[in-house]
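Chain by chain, the residues:
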Amino acid sequence: MVDSDGQEKLLRQQAIDAAVRYYEFKHKKDRVFSPGDRISYAGRVFDGREIASLIDSSLDFWLTTGRYADRFESEFARFIGVQHCSLTNSGSSANLLAFMALTSPKLGEKRIKKGDEVITVAAGFPTTIAPIIQFGAVPVFVDVSFPTYNIDCSQLENALSDKTRAVMVAHTLGNPFDLAAVKEFCDRNNLWLIEDNCDALGSRYLHQGEWRYTGTIGDIGTSSFYPPHHMTMGEGGAVYTDDTVLKRLVESFRDWGRDCWCPSGKDNTCSNRFGQQFGELPYGYDHKYVYSHFGYNLKVTEMQAAIGCAQLEKLPDFIDARKNNWRTLRDGLEEVADRLILPEPTEHSDPSWFGFLLTVRQGTGLGRGKIVDRLENNGIQTRMLFAGNLIKHPCFDEMRKTGTGYRVVGDLATTDRIMNDTFWVGVYPGMTEEMLSFMVDTIKGACR
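Residues numbered from 1 in each chain as written. Predicted model: local features only at pLDDT ≥ 70, side-chain atom pairs only at ≥ 80, totals over all residues. Heavy atoms only, no water.

What about the overall build of the chain?
Secondary structure assignment for the chain yields 13 helices and 16 strands. For a compact globule of 448 residues, the expected C-alpha radius of gyration is about 22 Å, and the chain comes in at 24 Å, within 12% of that figure. Its C-alpha atoms put the chain at 75 × 70 × 45 Å along the principal axes. Counting across all 448 residues of the chain, residues that qualify as buried make up 54%. At a minimum sequence separation of 6, the contacts of the chain that also span at least 24 residues come to 74%. By element, 50% of the accessible surface of the chain is carried by carbon and sulfur atoms, the whole surface being about 20,100 Å². The average position of the 50 basic charges and that of the 59 acidic charges among the side chains of the chain differ by 3 Å. (Helix = DSSP H or I, 4+ residues; strand = E, 2+ residues; numbered from the N terminus. Rg over C-alpha atoms; globule rule 2.2 N^0.38 Å. Buried < 20%, exposed > 50% of the residue type's maximum accessible area, 1.4 Å probe, protein only. Contact = heavy atoms within 4.5 Å. Areas by Shrake-Rupley, 256 points an atom, 1.4 Å probe, with all protein chains shown as cover. Lys, Arg positive; Asp, Glu negative; His and termini not counted. Charge placed at Lys NZ, Arg CZ, Asp CG, Glu CD.)

Okay, here's the thing in structure tokens:
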């Protein structure tokens, strides 16, 4: 006779096995590519292991963060080489938490205050910039440079002022920015460095003679686990750091702004829950309901974390596939390098590419619109480099009219070139050799 525990394990395994069989029936199909089939710029790559983890977590019905979230944070931190990883519900939230942590009064004179300046770029995704503006700090935009599409470090000194407190920039489509130059600039001027690593998970940079993953060299790094990214849990993101103080600040802002760091469902981690004085509250007020920041609720769910645990096991293979696919496109398109600016990795870097960037060269008679139309009409999905030039978008209309709320260094000429002439195609692990070959032939045909 099976005891209660044995019965539970048996039923759990039967539910998981049934879900995996459904995956094999519904989703596990060999994809045979024919010219004209849709080639997405990105997509989720999964198998029965993600299904099994998802069902296993759902049967616990512990819907908020739990054992899978704890496991993911620990394993991800170990993989990337940092002390602390804090899961959140998206990469955008990760950027918000990374920035807001640096505004905490607990950081004293080094905190970022309203009106302080943060150096960044306009050629990127808006949620790298949004937390700066939403808080009331001032983004200072500098240009980027070809062929890396990353921040032009020669402009950092011109951007510096007595109000500068941080640099917050992304590694563009997986290509690391010049971390040696940016980190030296930040260290010399006592500035925070936030690495938006959402498009670059698995990229490496040779820092002081040691290969380090991007996102681990600055003070705080962020990742996104949205389906197009290097790995996925549907929605999801992470903030990571080696600084225990910053880790606790990130989690305070993530978890309603509370002062207490007890995990969900656990009490008295501090061992002094009813024996402390906070602000003007009565002595001994319950530490679980003391708030040191105006925070949010940006936690991940346990089911998302379960998918992430299975994806994390595959991340090294995903990274290798992205590198190989990028190299196939780079080698295949060499003969049209006189018509298109082909991307190049930053010196001293080993990128884990998110996409393959292309910019139409001036004076060739080619136009981005016609090339993109040719690709899209042949089933090849394309993307712009996100905002192109973010300050040209409607969200900046009011600030542009008043001339307040942001500052620009130089003329952003390369950023405008990107806005007008740049596009990219995918390199995600779901692509086959036939797809990549078709993409090369179609792009070359569009350039003739």
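Quick look at helix α12 (residues 413–421)
Because each turn of an α-helix spans 3.6 residues, side chains separated by three or four positions in sequence point in the same direction. Taken as a whole, α12 has its buried residues at Thr414, Thr415, Asp416, Arg417, Ile418 and Asp421. Where α12 is buried, its residues meet β4 (144–145), β12 (340–341), β14 (355–360), α10 (368–377) and β16 (422–426).

Topic: the pattern of salt bridges
Side chains carrying opposite charge are able to pair once their charged atoms draw close together. What the rule picks out here adds up to 33 salt bridges. Here Glu344 and Arg330 are joined by a salt bridge, their closest N and O atoms 2.4 Å apart. Of this pair, Glu344 sits in the loop between β12 and β13 (349–350) while Arg330 sits in helix α9 (residues 302–332), placing them 14 residues apart in sequence. Salt bridges linked by common partners bring Glu8, Arg12, Asp56, Asp60 and Arg67 together as one network. (Salt bridge = Lys/Arg side-chain N within 4 Å of Asp/Glu carboxyl O.)

As for the sheet that holds β16
Sheet strands pair via backbone hydrogen bonds, and the direction of the pair is either parallel or antiparallel. One open sheet accounts for three strands, arranged β12-β14-β16; its pairing is antiparallel. Every other strand in the sheet has two partners, leaving β12 and β16 as the edge strands with one partner each. Here β14 runs beside β16; their pairing, made up of five bridges, is antiparallel. Considered in β16, the bridge of Gly355 is made with Gly426. (Pairing = 2+ DSSP bridges.)

A word on the sheet that holds β13
A sheet is described by the order of its strands in space; here three strands give the open sequence β9-β8-β13, paired in antiparallel fashion. In this open sheet, the two edge strands, each paired with only one partner strand, are β9 (210–213) and β13. Bridge count for strand β8 (residues 204–207) against β9 is four bridges, and the pairing is antiparallel. Residue pairing for β9: Tyr205 is matched across the bridge by Arg212.

With respect to unusual backbone geometry
The amide bond that connects Phe146 to the next residue, Pro147, takes the cis arrangement and shows omega of 0°. Secondary-structure assignment places Pro147 in the loop between β4 and β5 (150–151). Even without being glycine, Phe386 reaches a positive phi, approximately 55°. Positionally, Phe386 belongs in the loop between α10 and α11 (397–402).

What about the nonpolar core?
Within the largest apolar cluster, 32 residues are counted, with the highest numbers of intra-cluster contacts made by Ile119, Ile151, Val167 and Val182. Taken together, the elements giving at least two residues each to this core come down to β2 (117–121), β3 (138–142), α6 (156–159), β6 (164–170) and α7 (179–188). Leaving out residues up to four positions away in the same chain, Val182 has contacts with Ile151, Cys153, Leu156, Val167, Phe177 and Leu193. One finds Trp353, Phe423, Met435 and Val440 within the second-largest nonpolar core, a separate group that totals 30 residues. (Core = buried A, V, L, I, M, F, W, Y, C linked by side-chain atoms within 4.5 Å.)

Looking at the pairing of strand β7 (residues 192–196)
For β7, a buried count of five out of five residues is recorded, marking the element as mostly surrounded by other parts of the structure. Because side chains alternate across β7, one face comprises the buried residues Trp192, Ile194 and Asp196, and the other comprises Leu193 and Glu195, equally buried. As judged from the five bridges shared by β6 and β7, these two strands associate in the parallel manner. Considered in β7, the bridge of Ala170 is made with Asp196. Pairing of β7 with strand β10 (residues 220–224) involves three bridges; the strand directions are parallel. Counterpart to Ile194 in the pairing with β10 is Ile220.

Re helix α13 (residues 433–447)
The terminal C-alpha atoms of α13 lie 21 Å apart, and with 15 residues this matches the ideal 21 Å at 1.5 Å per residue to within 8%. In terms of burial, α13 is largely enclosed, as 11 of its 15 residues are buried. Within α13 the residues assigned to the buried category are Met435, Leu436, Phe438, Met439, Val440, Thr442, Ile443, Lys444, Gly445, Ala446 and Cys447. Each element contacted by the buried residues of α13 is listed here: α9, β12, β14, α10 and β16. (Expected span 1.5 Å × (residues − 1).)

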